Amino acid sequence: MFETDVQDVPQEALTGSLPSESQIARLLHEAYARCAEVTTGEVADYIPALAEADPALFGLSLTEVDGTGHRVGDTAALFTIQSISKAFVLALVCEAIGHQEVHRVVGVNNTGLPFNSVIALELNDGNPMNPMVNAGAIATTALVPGATAEEKWWTLHEGLSRFAGRSLELDTRVLDSESASNHRNQGIADLLTSYDRLHADPAEMVDLYTRQCSLLVTADDLAVMGATLADGGINPVTGERVVSPEVCRDTLSVLAACGMYELSGEWLFEIGLPAKSGVSGGIVAIAPGKGALGAFSPPLDRAGNSVRGQRACAHLSRALGLNLFASRPHPAKDAEHA
Ligand code: GLN
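Residues numbered from 1 in each chain as written. Predicted model: local features only at pLDDT ≥ 70, side-chain atom pairs only at ≥ 80, totals over all residues. Heavy atoms only, no water.

Per an unreviewed UniProt entry, the chain goes by the name Glutaminase and belongs to Brachybacterium fresconis. The heading Catalytic activity (unreviewed entry) in the UniProt record of the chain holds the text "L-glutamine + H2O = L-glutamate + NH4(+)". UniProt, in the comment section headed Sequence similarities (unreviewed entry), describes the chain in these words: "Belongs to the glutaminase family." (UniProt positions renumbered as here; feature names shortened; annotations may be inferred.)

As C-alpha coordinates, then:
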(Lines give C-alpha, C1' and ligand atoms only; values in the text may rest on other atoms or scores of the structure.)
Protein backbone atom coordinates (compact mmCIF):
# COMPACT_ATOMS: atom_id res chain seq x y z
CA MET A 1 0.00 0.00 0.00
CA PHE A 2 2.79 2.43 0.87
CA GLU A 3 5.51 1.16 -1.44
CA THR A 4 8.90 2.69 -0.77
CA ASP A 5 12.33 1.74 -2.03
CA VAL A 6 14.08 2.57 1.23
CA GLN A 7 16.89 0.16 2.01
CA ASP A 8 19.33 2.14 4.06
CA VAL A 9 17.75 1.76 7.51
CA PRO A 10 20.48 2.70 9.96
CA GLN A 11 20.84 -0.47 12.04
CA GLU A 12 21.62 1.41 15.26
CA ALA A 13 18.34 3.28 14.91
CA LEU A 14 16.16 0.17 14.81
CA THR A 15 15.72 -0.11 18.53
CA GLY A 16 17.59 2.72 20.21
CA SER A 17 18.12 6.24 19.02
CA LEU A 18 17.55 8.35 15.94
CA PRO A 19 20.33 8.61 13.35
CA SER A 20 22.59 11.69 13.22
CA GLU A 21 21.12 15.12 12.57
CA SER A 22 22.59 15.35 9.09
CA GLN A 23 21.09 11.97 8.20
CA ILE A 24 17.68 13.03 9.53
CA ALA A 25 17.81 16.24 7.48
CA ARG A 26 18.78 14.32 4.34
CA LEU A 27 16.09 11.67 4.80
CA LEU A 28 13.40 14.28 5.53
CA HIS A 29 14.24 16.09 2.28
CA GLU A 30 14.28 12.79 0.42
CA ALA A 31 10.82 11.84 1.79
CA TYR A 32 9.52 15.28 0.85
CA ALA A 33 10.82 15.11 -2.71
CA ARG A 34 9.39 11.62 -3.31
CA CYS A 35 5.98 12.35 -1.80
CA ALA A 36 5.57 15.79 -3.40
CA GLU A 37 5.06 13.91 -6.68
CA VAL A 38 1.95 12.15 -5.31
CA THR A 39 -1.18 13.95 -6.46
CA THR A 40 -3.96 11.53 -5.49
CA GLY A 41 -6.57 12.15 -2.80
CA GLU A 42 -9.38 14.65 -2.32
CA VAL A 43 -9.51 17.73 -0.11
CA ALA A 44 -12.32 17.36 2.49
CA ASP A 45 -15.40 19.36 1.56
CA TYR A 46 -18.07 18.15 3.98
CA ILE A 47 -17.04 21.11 6.14
CA PRO A 48 -17.47 23.85 3.49
CA ALA A 49 -14.56 26.06 4.68
CA LEU A 50 -12.08 23.15 4.43
CA ALA A 51 -12.76 22.81 0.69
CA GLU A 52 -10.85 26.06 0.16
CA ALA A 53 -7.54 24.51 1.27
CA ASP A 54 -4.67 24.64 -1.24
CA PRO A 55 -4.01 20.98 -2.23
CA ALA A 56 -0.42 21.86 -3.15
CA LEU A 57 0.60 22.73 0.42
CA PHE A 58 2.96 20.12 1.85
CA GLY A 59 5.12 20.27 4.95
CA LEU A 60 7.11 17.73 6.98
CA SER A 61 8.50 18.45 10.42
CA LEU A 62 10.32 16.28 12.93
CA THR A 63 11.02 17.21 16.55
CA GLU A 64 13.43 15.09 18.53
CA VAL A 65 12.93 14.51 22.26
CA ASP A 66 15.91 16.79 22.93
CA GLY A 67 13.97 19.62 21.24
CA THR A 68 15.97 19.64 17.99
CA GLY A 69 13.70 20.41 15.04
CA HIS A 70 14.01 19.49 11.36
CA ARG A 71 11.65 20.75 8.68
CA VAL A 72 11.01 20.90 4.97
CA GLY A 73 8.26 22.56 2.90
CA ASP A 74 5.19 24.37 4.23
CA THR A 75 5.71 23.61 7.92
CA ALA A 76 4.58 27.09 9.01
CA ALA A 77 1.28 26.96 7.10
CA LEU A 78 -1.69 27.16 9.48
CA PHE A 79 -4.55 24.67 9.30
CA THR A 80 -7.24 23.55 11.75
CA ILE A 81 -6.15 20.66 13.95
CA GLN A 82 -9.47 18.79 13.51
CA SER A 83 -9.40 15.19 14.79
CA ILE A 84 -5.77 15.39 15.87
CA SER A 85 -7.11 17.36 18.85
CA LYS A 86 -8.75 14.11 20.03
CA ALA A 87 -5.35 12.63 20.90
CA PHE A 88 -4.31 15.53 23.09
CA VAL A 89 -7.70 15.99 24.72
CA LEU A 90 -7.60 12.29 25.63
CA ALA A 91 -4.22 12.86 27.28
CA LEU A 92 -5.52 15.86 29.24
CA VAL A 93 -8.58 13.92 30.40
CA CYS A 94 -6.49 10.87 31.41
CA GLU A 95 -4.26 13.21 33.37
CA ALA A 96 -7.24 14.83 35.08
CA ILE A 97 -9.45 11.84 35.90
CA GLY A 98 -7.32 8.73 35.27
CA HIS A 99 -7.19 6.31 32.39
CA GLN A 100 -9.44 3.73 34.07
CA GLU A 101 -12.34 6.16 34.02
CA VAL A 102 -11.77 6.90 30.32
CA HIS A 103 -11.58 3.16 29.68
CA ARG A 104 -14.85 2.62 31.55
CA VAL A 105 -16.83 5.51 30.06
CA VAL A 106 -15.45 5.72 26.50
CA GLY A 107 -13.53 2.50 25.70
CA VAL A 108 -10.30 1.75 23.83
CA ASN A 109 -11.29 -0.60 20.99
CA ASN A 110 -11.42 0.19 17.29
CA THR A 111 -14.90 0.35 15.76
CA GLY A 112 -13.70 -0.79 12.33
CA LEU A 113 -16.03 1.88 10.95
CA PRO A 114 -15.62 5.51 9.77
CA PHE A 115 -14.95 8.23 12.36
CA ASN A 116 -18.44 9.70 12.14
CA SER A 117 -20.34 6.40 12.07
CA VAL A 118 -23.75 6.27 13.70
CA ILE A 119 -24.05 2.54 13.07
CA ALA A 120 -21.01 1.95 15.30
CA LEU A 121 -22.96 3.40 18.22
CA GLU A 122 -26.07 1.40 17.45
CA LEU A 123 -24.11 -1.85 17.13
CA ASN A 124 -22.46 -1.34 20.50
CA ASP A 125 -25.40 -0.42 22.71
CA GLY A 126 -24.45 3.26 22.55
CA ASN A 127 -20.88 2.61 23.68
CA PRO A 128 -18.68 5.14 21.86
CA MET A 129 -15.90 2.48 21.78
CA ASN A 130 -12.85 4.79 21.68
CA PRO A 131 -11.90 8.49 22.01
CA MET A 132 -10.64 8.79 18.40
CA VAL A 133 -14.03 8.51 16.68
CA ASN A 134 -16.41 11.46 16.90
CA ALA A 135 -18.80 9.81 19.39
CA GLY A 136 -15.93 8.91 21.73
CA ALA A 137 -14.29 12.28 21.30
CA ILE A 138 -17.49 14.12 22.22
CA ALA A 139 -17.84 11.82 25.27
CA THR A 140 -14.18 12.50 26.18
CA THR A 141 -14.59 16.26 25.82
CA ALA A 142 -17.54 16.02 28.22
CA LEU A 143 -15.10 14.60 30.82
CA VAL A 144 -12.79 17.65 30.66
CA PRO A 145 -12.72 19.29 34.10
CA GLY A 146 -14.85 22.42 34.45
CA ALA A 147 -18.24 23.29 35.93
CA THR A 148 -19.37 25.09 32.77
CA ALA A 149 -18.67 24.74 29.05
CA GLU A 150 -16.63 27.95 29.26
CA GLU A 151 -14.45 26.49 32.05
CA LYS A 152 -13.99 23.28 30.08
CA TRP A 153 -12.98 25.33 27.03
CA TRP A 154 -10.39 27.19 29.08
CA THR A 155 -8.90 23.86 30.26
CA LEU A 156 -8.92 22.46 26.72
CA HIS A 157 -7.40 25.52 25.09
CA GLU A 158 -4.78 25.94 27.76
CA GLY A 159 -3.86 22.24 27.68
CA LEU A 160 -3.57 21.95 23.89
CA SER A 161 -1.51 25.16 23.84
CA ARG A 162 0.89 23.70 26.41
CA PHE A 163 1.42 20.69 24.17
CA ALA A 164 2.29 23.07 21.31
CA GLY A 165 4.34 25.42 23.48
CA ARG A 166 2.42 28.46 22.29
CA SER A 167 -1.10 29.86 22.60
CA LEU A 168 -3.14 28.32 19.77
CA GLU A 169 -5.65 30.54 17.97
CA LEU A 170 -9.15 29.67 16.89
CA ASP A 171 -10.13 29.75 13.20
CA THR A 172 -13.57 31.29 13.57
CA ARG A 173 -14.35 30.87 9.85
CA VAL A 174 -13.88 27.10 10.03
CA LEU A 175 -15.67 27.00 13.39
CA ASP A 176 -18.70 28.84 11.97
CA SER A 177 -18.66 26.71 8.83
CA GLU A 178 -18.56 23.43 10.76
CA SER A 179 -21.06 24.63 13.37
CA ALA A 180 -23.56 25.38 10.58
CA SER A 181 -23.12 21.95 8.97
CA ASN A 182 -22.37 19.45 11.77
CA HIS A 183 -25.83 17.93 12.03
CA ARG A 184 -24.29 14.48 12.09
CA ASN A 185 -22.19 15.24 15.18
CA GLN A 186 -25.25 16.75 16.84
CA GLY A 187 -27.13 13.55 16.06
CA ILE A 188 -24.29 11.47 17.52
CA ALA A 189 -24.32 13.53 20.75
CA ASP A 190 -28.11 13.17 21.02
CA LEU A 191 -27.81 9.43 20.47
CA LEU A 192 -25.17 9.20 23.22
CA THR A 193 -27.58 11.06 25.52
CA SER A 194 -30.39 8.67 24.62
CA TYR A 195 -28.16 5.78 25.73
CA ASP A 196 -27.39 7.67 28.98
CA ARG A 197 -23.74 7.88 28.01
CA LEU A 198 -23.28 11.66 27.89
CA HIS A 199 -23.80 13.47 31.17
CA ALA A 200 -23.61 17.03 29.89
CA ASP A 201 -25.62 19.19 27.52
CA PRO A 202 -25.19 17.53 24.08
CA ALA A 203 -25.35 20.76 22.05
CA GLU A 204 -22.76 22.40 24.34
CA MET A 205 -20.45 19.39 24.10
CA VAL A 206 -20.66 19.35 20.29
CA ASP A 207 -19.87 23.06 20.29
CA LEU A 208 -16.83 22.49 22.55
CA TYR A 209 -15.66 19.59 20.39
CA THR A 210 -16.08 21.69 17.23
CA ARG A 211 -14.09 24.49 18.83
CA GLN A 212 -11.24 22.16 19.81
CA CYS A 213 -11.17 20.95 16.17
CA SER A 214 -10.98 24.57 14.92
CA LEU A 215 -7.72 25.48 16.68
CA LEU A 216 -5.00 26.48 14.22
CA VAL A 217 -1.72 24.56 14.13
CA THR A 218 1.22 24.04 11.78
CA ALA A 219 3.17 20.89 10.91
CA ASP A 220 5.87 22.24 13.23
CA ASP A 221 3.32 22.48 16.06
CA LEU A 222 2.21 18.88 15.46
CA ALA A 223 5.80 17.67 15.68
CA VAL A 224 6.29 19.46 19.02
CA MET A 225 2.94 18.27 20.37
CA GLY A 226 3.76 14.70 19.36
CA ALA A 227 7.29 14.94 20.71
CA THR A 228 5.77 15.86 24.09
CA LEU A 229 3.99 12.47 24.06
CA ALA A 230 7.26 10.83 22.94
CA ASP A 231 9.13 12.51 25.78
CA GLY A 232 7.19 11.23 28.80
CA GLY A 233 4.93 14.28 28.82
CA ILE A 234 7.57 17.03 28.92
CA ASN A 235 7.41 19.49 26.03
CA PRO A 236 10.97 19.18 24.67
CA VAL A 237 11.00 22.78 23.42
CA THR A 238 9.55 24.64 26.44
CA GLY A 239 10.74 22.11 29.06
CA GLU A 240 7.29 22.23 30.67
CA ARG A 241 5.62 19.07 31.99
CA VAL A 242 2.21 18.77 30.31
CA VAL A 243 1.13 15.23 31.33
CA SER A 244 2.69 12.25 33.12
CA PRO A 245 4.72 9.48 31.42
CA GLU A 246 1.90 7.02 32.23
CA VAL A 247 -0.62 9.21 30.44
CA CYS A 248 1.68 9.34 27.37
CA ARG A 249 1.88 5.55 27.38
CA ASP A 250 -1.90 5.14 27.64
CA THR A 251 -2.62 7.79 25.01
CA LEU A 252 -0.16 6.26 22.55
CA SER A 253 -1.70 2.82 22.94
CA VAL A 254 -5.11 4.23 22.00
CA LEU A 255 -3.55 6.02 19.01
CA ALA A 256 -1.94 2.78 17.86
CA ALA A 257 -5.27 0.93 17.98
CA CYS A 258 -7.60 3.69 16.75
CA GLY A 259 -5.71 6.83 15.60
CA MET A 260 -6.04 6.18 11.87
CA TYR A 261 -9.67 5.03 12.18
CA GLU A 262 -10.66 1.85 10.36
CA LEU A 263 -7.27 1.81 8.61
CA SER A 264 -5.34 1.70 11.90
CA GLY A 265 -4.33 -1.94 11.34
CA GLU A 266 -2.91 -1.23 7.91
CA TRP A 267 -1.14 1.85 9.22
CA LEU A 268 0.43 -0.13 12.06
CA PHE A 269 1.42 -2.90 9.66
CA GLU A 270 3.13 -0.48 7.29
CA ILE A 271 4.43 2.22 9.63
CA GLY A 272 4.43 0.75 13.11
CA LEU A 273 3.86 3.96 15.07
CA PRO A 274 1.01 5.44 17.11
CA ALA A 275 -0.45 8.30 15.07
CA LYS A 276 -3.45 10.56 14.60
CA SER A 277 -4.84 12.19 11.50
CA GLY A 278 -7.31 15.00 10.86
CA VAL A 279 -9.51 15.88 7.88
CA SER A 280 -7.70 19.15 7.17
CA GLY A 281 -4.67 17.03 6.15
CA GLY A 282 -2.53 16.85 9.26
CA ILE A 283 -0.89 13.73 10.70
CA VAL A 284 1.15 13.37 13.85
CA ALA A 285 3.16 10.14 14.24
CA ILE A 286 4.98 9.47 17.49
CA ALA A 287 8.14 7.43 18.05
CA PRO A 288 8.30 6.98 21.87
CA GLY A 289 11.63 8.04 23.33
CA LYS A 290 12.77 9.40 19.96
CA GLY A 291 10.53 12.18 18.69
CA ALA A 292 7.55 12.87 16.46
CA LEU A 293 6.69 13.67 12.87
CA GLY A 294 4.20 16.35 11.91
CA ALA A 295 2.93 16.19 8.33
CA PHE A 296 0.52 18.44 6.45
CA SER A 297 -0.99 17.93 3.00
CA PRO A 298 -4.75 18.44 2.45
CA PRO A 299 -5.70 15.71 -0.09
CA LEU A 300 -7.15 12.69 1.77
CA ASP A 301 -7.85 9.00 1.18
CA ARG A 302 -11.31 7.46 1.71
CA ALA A 303 -10.84 7.15 5.49
CA GLY A 304 -9.91 10.83 5.85
CA ASN A 305 -6.13 10.42 6.18
CA SER A 306 -3.68 12.65 4.23
CA VAL A 307 -2.32 10.68 1.25
CA ARG A 308 1.07 12.41 1.07
CA GLY A 309 1.32 12.52 4.85
CA GLN A 310 0.89 8.75 5.09
CA ARG A 311 3.42 8.10 2.34
CA ALA A 312 5.94 10.41 3.97
CA CYS A 313 5.46 8.73 7.36
CA ALA A 314 5.91 5.30 5.75
CA HIS A 315 9.11 6.44 4.08
CA LEU A 316 10.49 8.05 7.22
CA SER A 317 9.48 5.23 9.55
CA ARG A 318 11.56 2.88 7.41
CA ALA A 319 14.42 5.23 6.66
CA LEU A 320 14.80 6.41 10.26
CA GLY A 321 14.16 3.01 11.83
CA LEU A 322 11.09 4.18 13.76
CA ASN A 323 8.85 1.09 13.55
CA LEU A 324 8.06 0.01 17.14
CA PHE A 325 7.88 -3.64 16.18
CA ALA A 326 11.32 -3.84 14.58
CA SER A 327 14.08 -5.64 16.47
CA ARG A 328 17.38 -7.27 15.69
CA PRO A 329 19.01 -10.25 17.34
CA HIS A 330 21.23 -9.84 20.38
CA PRO A 331 24.77 -9.09 19.10
CA ALA A 332 26.19 -12.39 20.41
CA LYS A 333 23.49 -14.48 18.71
CA ASP A 334 23.75 -12.32 15.61
CA ALA A 335 27.47 -13.14 15.33
CA GLU A 336 26.76 -16.89 15.59
CA HIS A 337 24.54 -16.66 12.53
CA ALA A 338 26.85 -14.37 10.56
N1 GLN B 1 -14.32 18.24 13.12
C2 GLN B 1 -14.32 17.10 12.26
C3 GLN B 1 -15.60 16.29 12.44
O4 GLN B 1 -16.08 16.18 13.52
C5 GLN B 1 -13.12 16.27 12.57
C6 GLN B 1 -13.07 14.96 11.79
C7 GLN B 1 -11.68 14.50 11.47
O8 GLN B 1 -10.69 15.24 11.46
N9 GLN B 1 -11.60 13.26 11.10
O10 GLN B 1 -16.16 15.77 11.51
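After presenting the structure, the write-up continues.
A closer look at the packing of helix H7 (residues 172-179) against helix H9 (residues 202-213)
Packed helix pairs are characterised by how far apart their axes lie and by the angle those axes make with each other. As a packed pair, H7 and H9 sit with axes 9 Å apart at the nearest point and diverge in direction by 140°. As the angle between them shows, H7 and H9 are arranged oblique. Remark: the crossing between H7 and H9 carries right-handed chirality. Facing Leu175, Glu178 and Ser179 of H7, the residues of H9 in contact are Thr210, Arg211 and Cys213. Among the residues making up the contact of H7 with H9, the classes are represented as two nonpolar, two polar and two charged. (Axes fitted to C-alpha atoms, helices over the stretch in contact; angles between N-to-C directions. Helix = DSSP H or I, 4+ residues; strand = E, 2+ residues; numbered from the N terminus. Parallel < 35°, antiparallel > 145°, perpendicular 65-115°, else oblique. Left-handed = near helix turned anticlockwise from the far one by under 90°. Contact = heavy atoms within 4.5 Å. Nonpolar A, V, L, I, M, F, W, Y, C, P; charged D, E, K, R; others polar.)

Observations concerning the site of the ligand
With respect to spatial proximity, the complete set of residues near the ligand consists of Tyr46, Gln82, Ser83, Phe115, Asn134, Glu178, Asn185, Tyr209, Cys213, Tyr261, Gly278 and Val279. Within the side chain of Tyr261, a nitrogen or oxygen atom sits 2.8 Å from a nitrogen atom of the ligand. Separating an oxygen atom of the ligand from a backbone N or O atom of Val279 is a distance of 2.8 Å. In isolation the ligand offers 300 Å² of accessible surface; the protein chains occlude 99% of this area. Its residues assigned to classes, the shell around the ligand shows six nonpolar, five polar and one charged. (Near = heavy atom within 4 Å. Polar contact = N/O pair within 3.5 Å; in protein donor to acceptor, adjacent residues only side chain to side chain. Areas by Shrake-Rupley, 256 points an atom, 1.4 Å probe, with all protein chains shown as cover.)

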